[in-house]
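So you can see what is in the structure, the chains are spelled out below.
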Amino acid sequence: VAVLGCADSRAPIEIVFDVKPGDLFVLRNAGNTLSHAEGSVVGSLEYCVGPLKAKLIVVLGHTKCGAMMGATQTMLSAQKPAKDGAPAKQSALEKLLSGLGPVAQQAQHELGSGASADEIAAHVVKVNVFAGMERLLVYSEPIRE
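Residues numbered from 1 in each chain as written. Predicted model: local features only at pLDDT ≥ 70, side-chain atom pairs only at ≥ 80, totals over all residues. Heavy atoms only, no water.

## A look at helix H6 (residues 117-139)
- Along H6, the largest kink reaches about 25 degrees and is centred on Val124.
- The complete set of buried residues in H6 reads Ile120, Ala121, His123, Val124, Val125, Val127, Asn128, Val129, Ala131, Gly132, Arg135 and Leu136.
- Packed against the buried residues of H6 are helix H2 (39-49), strand S3 (57-59), helix H3 (66-78), helix H5 (101-111) and helix H7 (141-144). (Bend = angle between axes of the 7 residues up to and from the residue. Helix = DSSP H or I, 4+ residues; strand = E, 2+ residues; numbered from the N terminus. Buried < 20%, exposed > 50% of the residue type's maximum accessible area, 1.4 Å probe, protein only. Contact = heavy atoms within 4.5 Å.)

Put into structure tokens, the structure is as follows:
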């Protein structure tokens, strides 16, 4: 079994699944994201289903995810009128959060116009899990098989 989970230490994957360290192939990054089809994550999961013969990949989100709140706030800020001036260079984190814009927008759309940032961020967790599963299938033939 391979698990793609969040880097947040409040989501200890081995404890969630009640297993010992080493019983699962665990990959973690901020927000369990695959917004840019990250090569190291996808490649590692391909290794799991190939040589390691993993039969199951779990994409695991968690409540109160800081990455999902950051993505929600980034998306909501982008909807406001832009200020004049040259765009600032984005950090790796800002690129990650911007890359999650589509899942944040989908969550906002599904909840409707009256949803708060907290409600949107909570729903983004779910939308992001399904988006991650879809991306794995789109970007990786070995995983699709």
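## Brief notes about the environment of Gly43
- Following the sequence through the fold, Gly43 ends up in helix H2.
- Of the residues examined, Gly43 reaches a relative accessible area of 32% and is grouped as partly exposed.
- Expressed as a C-alpha distance, the spacing of Gly43 and Ala7, which sit 36 residues apart in the sequence, is 18 Å.

## Some details on the side chain of His62
- By the secondary structure assignment, His62 is in the loop between S3 and H3.
- In this structure, His62 is in contact with Cys6, Asp8, Arg10, Ala11 and Val125, ignoring residues within four places of it in sequence.

## Focus: the pairing of strand S1 (residues 2-6)
- Burial within S1 is extensive, with five of its five residues counted as buried.
- Bridge count for S1 against strand S2 (residues 25-29) is five bridges, and the pairing is parallel. Within S2, the residue paired with Leu4 across the bridge is Leu27. (Pairing = 2+ DSSP bridges.)

## Quick notes on the packing of H3 against H5
- It is at 9 Å that the axes of H3 and H5 come closest, and there the two elements cross at 80 degrees. By the angle between their axes, H3 is roughly perpendicular relative to H5. Between H3, through Ala71, Thr72, Met75 and Leu76, and H5, the contact on the second element is made entirely by Gly101, Ala104, Gln105 and Gln108.
- Here the contact of H3 with H5 is composed, by residue class, of four nonpolar, four polar and no charged. (Axes fitted to C-alpha atoms, helices over the stretch in contact; angles between N-to-C directions. Parallel < 35°, antiparallel > 145°, perpendicular 65-115°, else oblique. Nonpolar A, V, L, I, M, F, W, Y, C, P; charged D, E, K, R; others polar.)

## Some thoughts on the layout of surface pockets
- In this structure, the second largest pocket encloses a volume near 210 Å³.
- As for the second largest pocket, its lining consists of Ala71, Thr74, Met75, Ser77, Ala78, Gln90, Glu94, Leu97, Ser98, Gly101 and Gln105.
- Breaking the lining of the second largest pocket down by element, the ones donating at least two residues are H3, helix H4 (92-99) and H5.
- Partitioning the lining of the second largest pocket into residue classes produces four nonpolar, six polar and one charged. (1 Å grid on protein atoms, 1.4 Å probe; cavity = no way out; pocket = protein on both sides within 12 Å on 5 of 7 lines; lining within 4 Å. Points joined across faces, edges and corners; volume = space filled by probe spheres on them.)

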